[in-house]
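Given next are the chains, with one letter for each unit.
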Amino acid sequence: MDLKQPAMAGTLESSDIQVTVVPNPGGGIAIELDSPVKAQFGDAIRDTVRAVLAEFGVEEARVQLLDQGALDCVIRARMQCAVCRAAQISYDWSREDRRP
Amino acid sequence: MTHSGLKRTSLYAGGSSPGKLLEARFYHEDCLVYDLEDSVAPAEKDAARFLVYQAVRWHRPPDKYVLIRVNGLYSPYLEEDLEMAVRARPDAIRLPKVEHAEEVRRIDARISAIEETAGIAVGQTELWCNIESALGAVNAKEIAAASPRVAALALGAEDYTASMGALRSKAGWEIFYARMQVLEACRLAGISAQDAVFSDFQDEAGLREDLTMTRGLGFDGKTVIHPRQIDLVNAAFSPTPKEIRNALRVLEALEEGERNHTGVVVVDGSMVDKPMERRARTVLAQAKAAGLWKEEG
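Residues numbered from 1 in each chain as written. Chains lettered and ligands numbered in written order. Predicted model: local features only at pLDDT ≥ 70, side-chain atom pairs only at ≥ 80, totals over all residues. Heavy atoms only, no water.

*Asks:* Which parts of the structure should I look at to understand the packing of aromatic side chains?
*Replies:* A ring pair, where both rings are aromatic, is described by two values, the distance of the centres and the angle of the planes. In the structure shown here, the tally under the stated rule is seven aromatic pairs over all chains. Residues Tyr91 of chain A and Trp93 of chain A carry aromatic rings whose centres are separated by 4.7 Å and whose planes lie at 80° to one another, so their mutual orientation is edge-to-face. An angle of 65° between the planes, with centres 5.3 Å apart, marks the rings of Tyr91 of chain A and Phe50 of chain B as edge-to-face. Here Tyr91 of chain A is found in the segment after helix 2 (72–87), whereas its partner Phe50 of chain B is found in helix 2 (residues 45–59) on a different chain. (Phe/Tyr/Trp six-rings, centres within 6.5 Å; stacked < 30°, edge-to-face > 60°. Helix = DSSP H or I, 4+ residues; strand = E, 2+ residues; numbered from the N terminus.)

*Asks:* Honestly, the domain arrangement of chain B in this entry has me stumped. Any pointers?
*Replies:* It is common to give the size of an interface as the accessible area that goes away when the parts come together. As assigned here, chain B comprises domain 1 (9–236) and domain 2 (241–289). The distance between the C-alpha centroids of domain 1 of chain B and domain 2 of chain B comes to 34 Å. (Domains from an automatic or database assignment.)

*Asks:* Explain helix 4 (residues 101–118) of chain B to me, please; I cannot follow it from the model alone.
*Replies:* Residues and elements named next belong to chain B. For helix 4, with 18 residues, the first-to-last C-alpha span of 26 Å sits near the 26 Å given by 1.5 Å per residue. The inward-facing, buried residues of helix 4 abut helix 3 (78–88), strand 4 (92–95), strand 5 (126–131), helix 6 (140–144) and strand 6 (150–155). Phi turns positive, to about 75°, at Gly119, one or two residues after helix 4. (Expected span 1.5 Å × (residues − 1). Contact = heavy atoms within 4.5 Å.)

*Asks:* Could you clarify how one ought to interpret the interface of chain B and chain A in this entry?
*Replies:* Counting residues at the interface gives 22 residues for chain B, matched by 22 residues for chain A. Summed over both sides, the interface between chain B and chain A buries roughly 1800 Å², with carbon and sulfur atoms accounting for 62% of that surface. By the criterion of area lost to chain A, the three top residues of chain B are Pro18, Phe50 and Gln54 of chain B, representing 33% of everything that side buries. In this structure, the connection of chain B to chain A is made through three salt bridges. For Arg87 of chain B, the salt bridge is made with Asp97 of chain A, and the minimal N-O distance between the two is 2.7 Å. (Buried area = accessible area lost by both parts, 1.4 Å probe. Salt bridge = Lys/Arg side-chain N within 4 Å of Asp/Glu carboxyl O.)

See the structure below:
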């Protein structure tokens, strides 16, 4: 799936994460992470971001993450929202029916 | 741990703030309402849906009755709210500003279709209908009976008062009639009756007075506006030690009467009739659910 515009989701409040997703034609996936727990959870956060991008079939995106200690479920929610906004689509909730 | 079945307190958690969604799990409210409506700005409705879905579907508090309040029945957000909310599998969806039974039937049909597509048992998702206008209050009986999904009616006093051109007061006389309309509708339909919020969360004495009246009228619980109201409201809608003792005496007297083949059972000079027995059993069921009494054996 192609991203059409830069988009943002989330805030800089505690327990949240601000995600910015930008189209990156020809550049693959590039992730920039700023987090107080980068040393412990940096790899896990990046894995979640890559997993969400893969679920949407996004192969070219630059993702900037300003983490304030968000849980995995919050990172996932913010990423889903940012990708939908960047792709200018409404989420198809029936996709959740196929999730184990 | 599973939900106790009590619905004494309902606390709203704003759907756009991860911090608030997390925090709300740790209070003692019986019912946690994840909100997509008033607490979420129009530009953040999509973001709130994703957050609430994650919170309810994958991380719901196991000891609470979980609800999602969707946006208004005629808002452009409702359809997608329902698509998400049903799939998140809350105990109930809370509908704002319900005024007609037909609206409930329309939502019921939509929920059934989504449940079927998603592989969820049809009928599993309950409905709480907020009664927030004079028209809603007048139609409360039909609304309560509009679908087997309707598990509670909840009075929304601020909008109701505005619809009546009345002024909101702490004494609450301007909502007394609506309280009775909602309560009567709930009792006829056999569902839970939920009272309106007491807005001044710093006025503990005022809240106590309000609770004395609404508990006495027969409500089952109340929506709270602030976590500091939870313990007071929970206590008000729980049986007192005296009520529990009385209920036990009534049931013991009935058992003794049965053993001795006594036709009429008397406790403290009053004949124990069916309504007294029913009240005693309700008190003990509530006390048990609240952890205030344990059945022997």
